[in-house]
Amino acid sequence: MKDPIGAHKAVQDGIKRYVTSAFGTNSSTFEEDRKNLLDQPGVLFQRPYVEPTQSYKSGSTLADLSDDDLPGFSPAGIEAFKAIIGAGLFSGDYPLYKHQQTMLRESLRGKHCVVVTGTGSGKTEAFLLPALANIIREGTRSSSQWTHPTRTPSEWTSNKPPRWDSTRKELRGEERPAAVRALVLYPMNALVEDQVSRLRLALDSDEALAALDRHLAGNRIRFGRYNGSTPVAGHPFKPDGKPNRSKRSALAEDLKAAINDHVSMRNKLERCRKELADAEATGNQKVIKDAREELSDAVEETSFIRRMSPDAAEMFHRWEMQAAPPDILVTNLSMLSIMLMRHADPNIHGDRADSDIFESTRQWLSEDRENNVFQLIIDELHLHRSSAGTEVAYLVRLLIDRLGLTPDSPQLRILASSASLDGNDDLTYEYLGGFFGCTLEEAKARFHIESGEPKYPLDGEIPEFDQSFTETCVKIGKAQAQGCDDKSALEAVVDQLKVDQERTNKCILAAFDSNGQIRAKPLDEISNYWFSSLPPDARLTATRGLFCAFGSDYAKARGLAIPSLRFHWMAKNIDGLWATIGLGEEDGHRRVGDLLPERKLSIEGRRVLEVLYCECCGTQLLCGNKIALKNGLGLEREFELTSLETQIEGLPETTVETRTDAQNYRDVGVVWLRGPDDKTASEEDLKWQHGTIETNSTSDRPGKPVAYMPASWVPASINPITGLVSLGRNNEKGQLDR
């Protein structure tokens, strides 16, 4: 984005214009007060925050990883690891970050590892690398080397899908034991889907499968998504032992649909590859460029489509995973809790259930206590806090116990990511020990906290932007505010930033420093830091100019390397508008007192009610939940109005309706305050026939109301202090007519 501050302002102005135009009133002072209210931070828009993506030091390339980086690997295992990882997860000759390389090494040495680097630093790859490395090490170790599958099954078609009880392990004649080698635990389904897409590229692409054929004897590193959308819920048999035909039929339909999607995707890939070959034959660079882009898009699209083939790495449905668990199981907390409680019926031969996955894994772990390792991967570890975190911790311990392990078992390997743990703080190890069931000393001994090495550490003297640079940024910002560009000023700023990029990065990052950690900061705070020499009203203008320079085409052409910046624009829904009870002294159209952005009982001793308005004339009204007060004769002649909920019967089991337009007459009272110059209306003028909300609609257009009921305004007075409405005329001091 080339002008984020300008874009943010345009969004704010547009929404504010909509609010004031769509809900306009006839009172000029009301409109002015509402505008001032909307301009206050926190009422509609929160303070905007800016978050830098810190750069980290690079380590070795995949090809240059040494024996020290891959402890316990044979030469063939090292070759296999580099080939398989290079075919999908780390395609291209890019170096690993140092923290990714360290996570890989420390995990293979037996440490539990938690990566705590910043956003966009490759944390996912930091725990996937050791997870895959442990599996590849097992598959290439002489004592447990995986043997070549003995069968070559035919491809599936929508006319001939696999049976419900088929497994790839059986169809391909695989002899290695099926078990969960790594369980990836996410707090929500959206993250599960993102992880599965990455695994498809890493383990199920054409290149990855070819590498697995060459280096793992044709075996697959299988993975499976296990959540609510994974076919098919339930058992393959009914409680009476008869086949569960409805579930089996549902699975067959899902299989056919998935196979069709896979075939369509493969056809598209083949078409794009042929078009690229034809384009290259012509030598036309534009045609070649377009064909390459189309093929690249198609390859990316494959990460969203399952490969439905007996040779695929991804598993499709629950019954297959229950019979032959995947090497990598991706799930969420809720599903894991349920899976641990679901068991097959021991009296029905061939029945399957979720707990079979853990029994197979437990059996595999017991077969080799020295080498077989179960890896528990928890993303966003810092989210699990307080009482909810305690529940997750107990769930994790239950899982570990179900697998026949203990928290101090050498067969347990924990990998996690977090945004807020500090490896230099004892509280971090207390948290880890409490979460996983070990002591503080055990946590310090077993856990490695990897915080990475910033490329531009904020040590020594921190530089600042000089005065001429600052003034040039102001020129750019002022030009943007006027809707034009100052090209020469913009290029001057970029050129100066380019002179010493290490100094530039330190200048930028210093504004986000918080006790040695780079954190998101409010926009006004970083403006005050960068441009403290300017008057306060010019600092945001200079920041706008600096951001325009960052995002310019010229900066891109010059190869300016600066931290990526994320802008957090936070807005909240408008639930309503509230006001005290009163009239405008200088504005004859003002029918409410001081405005408030949120619901309150009272303010400064004055009752607060919700503001309504008339779409036709723009006058304002007040309303509140009403409490009827009976007099000595049992008649309801007074009502207290309050903005707080009064319909509390049935709470907390039932939900209180909060939309004013959906409330019943018996629960809500509406008042219109008469001004001193308003004429007194006759009783007949205050009556009308009110239509029901329900209409005789026979199409998309609303029809006439189903019925009409007599309605009227009733003369009364209201106490601005208590919100007490008294029916009939009342001229007592402090009362307002309505």
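Now for a quick tour of the structure. Predicted model only: the values in this text are computed from it and were never measured. (Residues numbered from 1 in each chain as written. Predicted model: local features only at pLDDT ≥ 70, side-chain atom pairs only at ≥ 80, totals over all residues. Heavy atoms only, no water.)

## Focus on the sheet that holds strand β4 (residues 112-115)
Here comes step 1: Sheet architecture is open: seven strands sit in the order β6-β7-β5-β8-β9-β4-β10, paired in parallel fashion. Both edges of this open sheet fall to β6 (223-226) and β10 (447-450), since each of them pairs with a single strand only. Averaged over all pairs of adjacent strands, the angle between their axes in this sheet comes to 15°, without regard to strand direction.
Here comes step 2: Sheet topology places β4 next to strand β9 (residues 412-417); three bridges connect them, and they run parallel. (Pairing = 2+ DSSP bridges. Helix = DSSP H or I, 4+ residues; strand = E, 2+ residues; numbered from the N terminus. Axes fitted to C-alpha atoms, helices over the stretch in contact; angles between N-to-C directions.)

## Structural notes on the packing of aromatic side chains
Here comes step 1: Counted according to the given criterion, the structure contains 18 aromatic pairs.
Here comes step 2: Ring plane angle 70° and centroid distance 4.9 Å describe the contact between Phe435 and Phe436, whose orientation is recorded as edge-to-face.
Here comes step 3: Using a relative accessible area of 3% as the deciding quantity, one classes Phe435 as buried.
Here comes step 4: Residues Phe547 and Phe550 carry aromatic rings whose centres are separated by 6.1 Å and whose planes lie at 45° to one another, so their mutual orientation is tilted. With Phe547 and Phe550 both in helix α21 (residues 536-550) and three residues apart, this pair spans about one turn of that helix. Phe550 matches Phe547 in its accessibility class, with the two residues each being buried.
Here comes step 5: Each residue in the set Phe465, Phe469, Phe512, Trp530, Phe531, Phe547, Phe550 and Phe567 is aromatic and connected to the rest through ring pairs, giving one cluster. (Phe/Tyr/Trp six-rings, centres within 6.5 Å; stacked < 30°, edge-to-face > 60°. Buried < 20%, exposed > 50% of the residue type's maximum accessible area, 1.4 Å probe, protein only.)

## Regarding the side chain of Lys506
Here comes step 1: If you trace the backbone, Lys506 turns up in helix α19 (residues 501-510).
Here comes step 2: On the accessibility criterion, Lys506 (12% relative accessible area) is buried.
Here comes step 3: When residues no more than four places from it in sequence are discounted, the contact partners of Lys506 are Tyr456, Pro457, Leu458, Asp459, Ile462 and Pro463. (Contact = heavy atoms within 4.5 Å.)

## Focus on a nonpolar patch on the surface
Here comes step 1: On the surface, Val11, Ile15 and Trp569 cluster together into a nonpolar patch covering about 220 Å² of accessible area.
Here comes step 2: For Val11, the position within the fold is in helix α1 (residues 4-22). (Patch = residues over 30% accessible without salt bridge, like charges linked within 9 Å, V, L, I, M, F, W, Y side chains within 5 Å. Areas by Shrake-Rupley, 256 points an atom, 1.4 Å probe, with all protein chains shown as cover. Salt bridge = Lys/Arg side-chain N within 4 Å of Asp/Glu carboxyl O.)

## Regarding helix α10 (residues 285-301)
Here comes step 1: The end-to-end C-alpha separation of α10 is 24 Å, in line with the 24 Å expected for 17 residues at 1.5 Å each.
Here comes step 2: All of the buried residues in α10 are Ile288, Ala291, Leu295 and Ala298. All buried residues of α10 fall inside an arc of 90° around its axis, so they share one side. Facing away from the buried surface of α10 by more than 90 degrees, the exposed residues are Gln285 and Lys286.
Here comes step 3: Lining the buried residues of α10 we find α9 (245-282).
Here comes step 4: One side-chain oxygen of the residue at the start of α10 lies 3.0 Å from the amide nitrogen of Lys286, identifying that residue as Asn284. (Expected span 1.5 Å × (residues − 1). Arc of directions from axis to C-beta. Polar contact = N/O pair within 3.5 Å; in protein donor to acceptor, adjacent residues only side chain to side chain.)

## As for the nonpolar core
The nonpolar side chains of soluble globular proteins are, as a tendency, buried together.
Here comes step 1: Counting 48 residues, the largest nonpolar core has Phe81, Leu203, Ile221 and Ile328 as its most contacted members.
Here comes step 2: Among the elements of the structure, α3 (75-87), α4 (98-108), β4, α5 (123-140), β5 (182-186), α7 (189-203), α8 (206-215) and β7 (328-332) are those that each provide at least two residues to this core.
Here comes step 3: If one sorts the elements of this core by residue count, α5 sits on top with nine residues.
Here comes step 4: Excluding residues that lie within four positions of it along the chain, Ile221 makes contacts with Leu132, Ile135, Ile136, Leu203, Leu212, Leu216, Ala313, Asp327 and Ile328.
Here comes step 5: Met339, Leu340, Leu405 and Ala416 belong to the second largest nonpolar core, which has 43 residues in total. (Core = buried A, V, L, I, M, F, W, Y, C linked by side-chain atoms within 4.5 Å.)

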